[in-house]
Amino acid sequence: MTMKFRAYDPDKDVEAIHRIWHEVGWIEKDERKEEAMDILVGCSRALVTEVNGEAECLVLTSPGTIRYLDTELPLSAVTSVTTSRVARKRGLARRLTALAVANDAVDGALVAGLGMFEQGYYNQLGFGTGGYEHWIAFDPARLKVGLESRVPRRITTGDWAMAHAARLARCRGHGSCNLQPPEVTQAEMIGSKNGFGLGYCEDPDGALTHHFWCRTSDVEYGPYTVCWTSWQTRDQFLELMALMRSLGDQV
């Protein structure tokens, strides 16, 4: 068996990395999902491990920033670590992730972060356990907001650049992260099943000021998953909550 750690080559590796993501269940046999993957890979720093002439392990990192108190620190966000079925338990993911993070550190990243589902594995690379993500299910009609929302603007996949700019400009606190490439947002929007957004443009220049983006497997009844919300002021946040509440007569 021959192995080679190298940069991703779109002319050579695209079918192989699609196969990896299909094998791990990250995408389905869907052209839009594959399109979203290609966009994400294209805007990322992508490394592969080639085994016997085929890419069998893929690691993606994205440049960004993390807020530490009032300071923005350069961030290496590890957005994908995936290994095909034929290359498991050979240390490829660990070694390739270490190489990707080291390369980003050379380029100036002071912090590296990732989302994990197996606590302990990434400790081998120096990662610790940070804050947990909390997914909460609720009936929108039960939101108690003392105001009515205005008529919103529809947000579609074609608005990805505007949506990304709004995410970068959102209200942020300690520990919040921004991923810099706009295509990260484009890929997430395109890859969202039945994705849609609602929001408002209050800036004089017409920029999107506050919005949310959803996906769902059942458009008629839901549930809807809110992928993100973006707002700059408390009043804007409350308006988004009132807007979500307005969906409660159906979802």
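Our subject is the structure that appears above.
The sections below set out a description of the structure shown in this document. What you are looking at is a predicted structure, and each value in this text was computed from that prediction instead of being measured.

When you go through the chain residue by residue, the secondary structure sums to six helices and 10 strands. In terms of overall dimensions, the chain is globule-like: its C-alpha atoms have a radius of gyration of 20 Å, near the 18 Å expected for 251 residues. Dimensions of the chain along its principal axes, counting C-alpha atoms only, are 65 × 40 × 35 Å. In the chain, which comprises 251 residues, the proportion classed as buried is 39%. Residue pairs in contact within the chain that sit at least 24 positions apart in sequence constitute 63% of those at least 6 positions apart. For the chain, the computed accessible surface area is about 14,200 Å², with 51% contributed by carbon and sulfur atoms. When the 27 basic and 33 acidic side-chain charges of the chain are each reduced to a single mean position, those positions are 5 Å apart.

Here we take up the sheet that holds strand 8 (residues 196-200). Strand order in the open sheet formed by four strands is 6-8-9-10, and the pairing between neighbours is antiparallel. Either end of the sheet is taken by a strand with one partner, and the two such strands are strand 6 (153-155) and strand 10 (225-230). Strand after strand, the sheet turns through a mean of 20° between neighbouring axes, direction not considered. Pairing of strand 8 with strand 9 (residues 210-215) involves five bridges; the strand directions are antiparallel. Bridge pairing in strand 9 links Phe196 to Cys214. Where helix 6 (residues 234-245) meets the sheet, its contacts fall on strand 8, strand 9 and strand 10, and the angle it forms with strand 9 comes to roughly 35°.

Along the polypeptide, His18 turns up in helix 1 (residues 10-24). Filtering out sequence-adjacent residues up to four positions away, His18 remains in contact with Ile27, Glu34, Met37 and Asp38.

Here the focus is the nonpolar core. Counting 20 residues, the largest nonpolar core has Ile17, Trp21, Met37, Leu40, Val41, Leu58 and Leu60 as the members making the most contacts within it. The set of elements that each furnish at least two residues to this core consists of helix 1, helix 2 (31-42), strand 2 (45-51), strand 3 (54-68) and helix 5 (182-190). Excluding anything up to four places from it in sequence, Leu60 contacts Trp21, Leu40, Val41, Ser44, Arg45, Ala46, Ala77, Val78, Thr79 and Ser80. Within the second largest apolar cluster, 13 residues are counted, among which are Val59, Ala87, Ala93 and Tyr122.

So, about the packing of helix 2 against helix 5. For the pair helix 2 and helix 5, interaxial distance at closest approach is 8 Å and the crossing angle is 170°. Taken together, the axes of helix 2 and helix 5 lie roughly antiparallel to each other. Here Arg32, Glu35, Ala36, Ile39 and Leu40 of helix 2 lie close against helix 5, whose contacting residues are Glu183, Val184, Gln186, Ala187 and Ile190. Partitioned by chemical class, the residues of the contact of helix 2 with helix 5 number six nonpolar, one polar and three charged.

The pairing of strand 4 (residues 71-83) with strand 5 (residues 111-114) spans four bridges and is classified as parallel. Note on strand 5: the bridge partner recorded for Leu75 is Val111. Taken together, strand 4, helix 3 (residues 92-106) and strand 5 form a β-α-β motif whose crossover is right-handed.

Cut-offs and rules
- Residues numbered from 1 in each chain as written.
- Predicted model: local features only at pLDDT ≥ 70, side-chain atom pairs only at ≥ 80, totals over all residues.
- Heavy atoms only, no water.
- Helix = DSSP H or I, 4+ residues; strand = E, 2+ residues; numbered from the N terminus.
- Rg over C-alpha atoms; globule rule 2.2 N^0.38 Å.
- Buried < 20%, exposed > 50% of the residue type's maximum accessible area, 1.4 Å probe, protein only.
- Contact = heavy atoms within 4.5 Å.
- Areas by Shrake-Rupley, 256 points an atom, 1.4 Å probe, with all protein chains shown as cover.
- Lys, Arg positive; Asp, Glu negative; His and termini not counted.
- Charge placed at Lys NZ, Arg CZ, Asp CG, Glu CD.
- Pairing = 2+ DSSP bridges.
- Axes fitted to C-alpha atoms, helices over the stretch in contact; angles between N-to-C directions.
- Core = buried A, V, L, I, M, F, W, Y, C linked by side-chain atoms within 4.5 Å.
- Parallel < 35°, antiparallel > 145°, perpendicular 65-115°, else oblique.
- Nonpolar A, V, L, I, M, F, W, Y, C, P; charged D, E, K, R; others polar.
- Right-handed = clockwise from strand over helix to strand, strands pointing away.

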